[in-house]
Amino acid sequence: MNGPLVPRSDFPLLAAHPELSYLDSAATSQKPASVMDAIREYYTNANANPHRGAYRLSGAATDAYAASRAAVANFLGVADSDTMLFTRGTTESLNLLATAWGRANVKAGDRVVVTRLEHHANFVPWQQLALEAGAEFRIAELTADGAVDMAGLARLVTPNTKVVAFAHVSNALGTVNDVPAMVRIAHGVGALAVCDGAQAVPHLSVSVDALGVDAYAFSGHKMLGPMGIGGVVVRRAILEQMPPYQMGGDMISRVGDERTTWNVIPHKFEAGTPNVEGAVGLGAAVRYLAGVGMAAVHEHETGLGALAAERLAALEGVRVLPSGGVRSNGVVSFVVDGVHPHDLSQILDAEGICVRAGHHCAQPLMRSLDLAATTRASFYLYNDAQDVERLVTAVGGARKRMGY
Ligand code: PMP
């Protein structure tokens, strides 16, 4: 566990900047050369608008896009690959659900339930849907150790609840939720179980089919892929019944003067020219991750996260936030007495250490913790124990610099 799980030289940015300890992979990961190469190869040999041309090059683009869908669905443990829609990422995936499914299914007097852990992307769309529909919006609170209070969640999920939306892994604390238990609670009243997998897919071996969720969202850029691509897996029966999200090219079957009919899934939900470059890059990213093995990725970063949490907590004036009772991934959020997280991240930056400071797009969570911000270090497969040492030494030094 002392060295990185994969060579830093696989990642051009890390190779070009050996001075950096990049500890912000929960925000976005670095990209391996194989992802960049796949994009270059696509533009060199297969670029055309897919689904539209009768010529062979357009067929090559269509094939590249379809092959990436199959590869990503396979990586996610999804047997019916057409139920994996490409989107711009988790944010668009959750907005798609709240807009297309939500407006058709949530009415006045219904209830919408989320948890206190949610990223704004899995909070605000549901809150706004509830406001528009005249539905109740309820938030399941956390226990003192940063886990969702499951008994509290079960009490909130009443028979009028139409959707329960929850993260698989919290970006702010690192809590890993018991997804099957949450699905059971949602399904107990016939509610839709929506899971935000943005922080899970890059770090855990995820089988969406086995989790039993109705919808599962993720982002490519956090899992070695490019920005601007991600997806959402939705049960076929729900996709069949759900109205489209956006209208335009490709998503139609027949456009009459009065009425229009929709294309088959997944095209019904992918209006306009798709992000083929992004899909190709994401396909290469999942090949890279599968080659390393997600069990190894998880073990490596959990080890680094646990080491960092232990070493930081041993420093005077440093409080590591709880992450659901067990530290089971590579996210470590902490606060340092007398040093604002933004100042701390700038001090660390001067030493080549990239960490995130702020509310982590989780203001409802920060309010409940009575904090404006935390500093968050997040580890991935290219990090090593030396990164942890540099972080711990620099945090200790920062306190001294501030006169403690
Ligand atoms: N949910 C979680 C848990 C996240 O960590 C993030 C990214 N910080 C998002 C949603 C939003 O993802 P994106 O910005 O890629 O759409």
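One can find the structure itself at the top, above this paragraph.
Residues numbered from 1 in each chain as written. Predicted model: local features only at pLDDT ≥ 70, side-chain atom pairs only at ≥ 80, totals over all residues. Heavy atoms only, no water.

Assigned secondary structure in the protein chain consists of 14 helices and 15 strands. The C-alpha radius of gyration computed for the protein chain amounts to 22 Å, which stays within 12% of the reference 22 Å derived for 404 residues, consistent with globular compactness. Looking at the protein chain as a whole, 56% of its 404 residues are labelled buried. Counting only contacts in the protein chain whose residues sit at least 6 apart along the sequence, the fraction spanning at least 24 positions is 71%. Summing over all exposed atoms, the protein chain offers an accessible surface of approximately 16,100 Å²; the carbon and sulfur share of this is 52%. (Helix = DSSP H or I, 4+ residues; strand = E, 2+ residues; numbered from the N terminus. Rg over C-alpha atoms; globule rule 2.2 N^0.38 Å. Buried < 20%, exposed > 50% of the residue type's maximum accessible area, 1.4 Å probe, protein only. Contact = heavy atoms within 4.5 Å. Areas by Shrake-Rupley, 256 points an atom, 1.4 Å probe, with all protein chains shown as cover.)

Our next topic: the pairing of strand β2 (residues 84-87). The side chains of a regular strand alternate, first on one face of the sheet and then on the other. Both faces of β2 are covered, namely the face carrying Met 84 and Phe 86 and the face carrying Leu 85 and Thr 87. Alignment of β2 against strand β8 (residues 230-234), held across 4 bridges, turns out to be antiparallel. Directly across from Met 84, in β8, lies its bridge partner Val 233. (Pairing = 2+ DSSP bridges.)

Bringing the site of the ligand into the picture now. In the vicinity of the ligand, the residues found are Thr 90, Thr 91, His 119, Ala 121, Asn 171, Asp 196, Ala 198, Gln 199, Ser 219, His 221 and Lys 222. Note that a nitrogen atom of the ligand is positioned 2.5 Å from one of the side-chain N or O atoms of Asp 196. Here Gln 199 contributes a side-chain N or O atom positioned 2.6 Å from an oxygen atom of the ligand. Alone, the ligand offers 400 Å² of accessible surface; in the complex the protein occludes 84% of this. Considered class by class, the residues forming the shell around the ligand number 2 nonpolar, 7 polar and 2 charged. (Near = heavy atom within 4 Å. Polar contact = N/O pair within 3.5 Å; in protein donor to acceptor, adjacent residues only side chain to side chain. Nonpolar A, V, L, I, M, F, W, Y, C, P; charged D, E, K, R; others polar.)

Moving on to unusual backbone geometry. Residue Pro 266 is reached from Ile 265 by a cis peptide bond, and omega for that bond is 10°. If you trace the backbone, Pro 266 turns up in the loop between β10 (260-262) and α10 (276-292). Positive phi outside glycine occurs at Asp 250, with the angle close to 75°. Note that Asp 250 resides in the loop between α9 (236-241) and β9 (252-255). Phi at Asp 370 takes a positive value of approximately 60°, unusual for a residue other than glycine. In this fold, Asp 370 is placed in the loop between α13 (363-369) and β15 (374-378).

Another point: the packing of helix α11 (residues 294-313) against helix α14 (residues 385-401). Taken N-terminus to C-terminus, the directions of α11 and α14 make an angle of 20°; their axes are 10 Å apart at the nearest point. By the criterion of interaxial angle, the relationship of α11 to α14 is roughly parallel. α11 and α14 meet at a crossing whose hand is right-handed. Taking contact as the criterion, the partners of Leu 304, Leu 307, Ala 308, Arg 311 and Leu 312 in α11 are, on α14, Ala 385, Val 388, Glu 389, Leu 391, Val 392 and Val 395. (Axes fitted to C-alpha atoms, helices over the stretch in contact; angles between N-to-C directions. Parallel < 35°, antiparallel > 145°, perpendicular 65-115°, else oblique. Left-handed = near helix turned anticlockwise from the far one by under 90°.)

With that settled, consider the sheet that holds strand β5 (residues 161-167). The strands making up a sheet are joined through hydrogen bonds of the backbone, oriented either antiparallel or parallel. Sheet architecture is open: 7 strands sit in the order β2-β8-β7-β6-β5-β3-β4, paired in mixed fashion. On the outer flanks of this sheet lie β2 and β4 (136-140), each paired with one strand and no other. Pairs of neighbouring strands in the sheet enclose a mean axial angle of 20°, with direction left out of account. Inspection of the sheet shows β5 paired to strand β6 (residues 192-196) by 5 bridges, in the parallel sense. Residue pairing in the sheet places Val 163 in a bridge with Leu 192 of β6. Contacts between helix α3 (residues 56-75) and the sheet are confined to β2 and β7 (215-219), with β2 contributing the most and set at about 115° to the helix.

On to the side chain of Asn 171. Looking at where Asn 171 falls in the secondary structure, it is placed in the loop between β5 and α7 (179-188). In terms of polar contacts, Asn 171 uses its side chain to reach the backbone carbonyl oxygen of His 360, at 2.9 Å. Here Asn 171 is in contact with His 119, Gln 199, Val 331, His 360 and Arg 376, once residues within four sequence places are set aside.

All right, on to the state of the cysteines then. Under the criterion given, the structure shown has 0 disulfides. Cysteine Cys 195 is unpaired, with the sulfur of Cys 361 as its nearest cysteine sulfur at 18 Å. Overall, Cys 195 belongs to the buried group, its relative accessible area being 0%. (Disulfide = S-S within 2.5 Å.)

A separate point is the pattern of salt bridges. Evaluated as defined, the whole model comprises 12 salt bridges. In this structure, the salt-bridge partner of Arg 111 is Glu 136, at a minimum N-O distance of 2.6 Å. Here Glu 136 lies in strand β4 and Arg 111 lies in strand β3 (residues 111-115), a separation of 25 residues in the sequence. Among the residues examined, Arg 111 registers a relative accessible area of 11% and is labelled buried. According to the relative accessible area criterion, Glu 136 is partly exposed, its value standing at 27%. With its nearest N and O atoms 4.0 Å apart, the salt bridge here joins Arg 138 to Glu 136. For Arg 138, a relative accessible area of 30% puts it in the partly exposed group. One salt-bridge network, held together by shared partners, links Asp 24, Arg 356 and Arg 376. (Salt bridge = Lys/Arg side-chain N within 4 Å of Asp/Glu carboxyl O.)

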